[in-house]
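Observations on the three-dimensional arrangement
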Amino acid sequence: MRTRITLECTECKHRNYNMTKDKKAHPERMETKKYCKFCKSHTLHKETK
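Owing to the predicted nature of the structure, the values given are computational and were not obtained by experimental measurement. (Residues numbered from 1 in each chain as written. Predicted model: local features only at pLDDT ≥ 70, side-chain atom pairs only at ≥ 80, totals over all residues. Heavy atoms only, no water.)

Turning next to the environment of Thr20. Residue position: Thr20 is located in strand β2 (residues 15-22). Owing to a relative accessible area of 41%, Thr20 belongs among the partly exposed residues under this scheme. Expressed as a C-alpha distance, the spacing of Thr20 and Arg4, which sit 16 residues apart in the sequence, is 4.3 Å. Sequence-distant contacts of Thr20, that is, excluding residues within four places in its chain, are made with Arg2, Thr3 and Arg4. (Helix = DSSP H or I, 4+ residues; strand = E, 2+ residues; numbered from the N terminus. Buried < 20%, exposed > 50% of the residue type's maximum accessible area, 1.4 Å probe, protein only. Contact = heavy atoms within 4.5 Å.)

To continue, consider the pairing of β2. Across seven bridges, the pairing between strand β1 (residues 2-9) and β2 is antiparallel. If you follow Ile5 over to β2, its bridge partner there is Met19. Here β1 folds back onto β2, and the loop between the two strands holds five residues, one of which, Lys13, carries a positive phi near 65°. (Pairing = 2+ DSSP bridges.)

Let us now look at the pattern of salt bridges. Evaluation of the coordinates by the stated rule reveals three salt bridges. Where Glu8 meets Arg15, a salt bridge forms, and the shortest distance between an N and an O atom there is 3.6 Å. By relative accessible area, Arg15 is classed as exposed at 55%. A salt bridge links Glu47 to Lys21; the shortest N-O distance between them is 2.9 Å. Taken together, the residues Glu47 in strand β4 (residues 41-47) and Lys21 in strand β2 connect sequence positions 26 residues apart. Given the relative accessible area of 9%, Glu47 is considered buried. Given a relative accessible area of 5%, Lys21 falls into the buried group. (Salt bridge = Lys/Arg side-chain N within 4 Å of Asp/Glu carboxyl O.)

What follows is the structure, given as structure tokens:
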């Protein structure tokens, strides 16, 4: 079953993206580089609770 997650920018702490992921295949927290419209650059985004 896929669950909804929220990604938060590590620079400015804004929650920019909503995604889904499969908890069985990827039980650890997700990290990815994405564009932050508040920082106006590509930054690391981490999964929040």
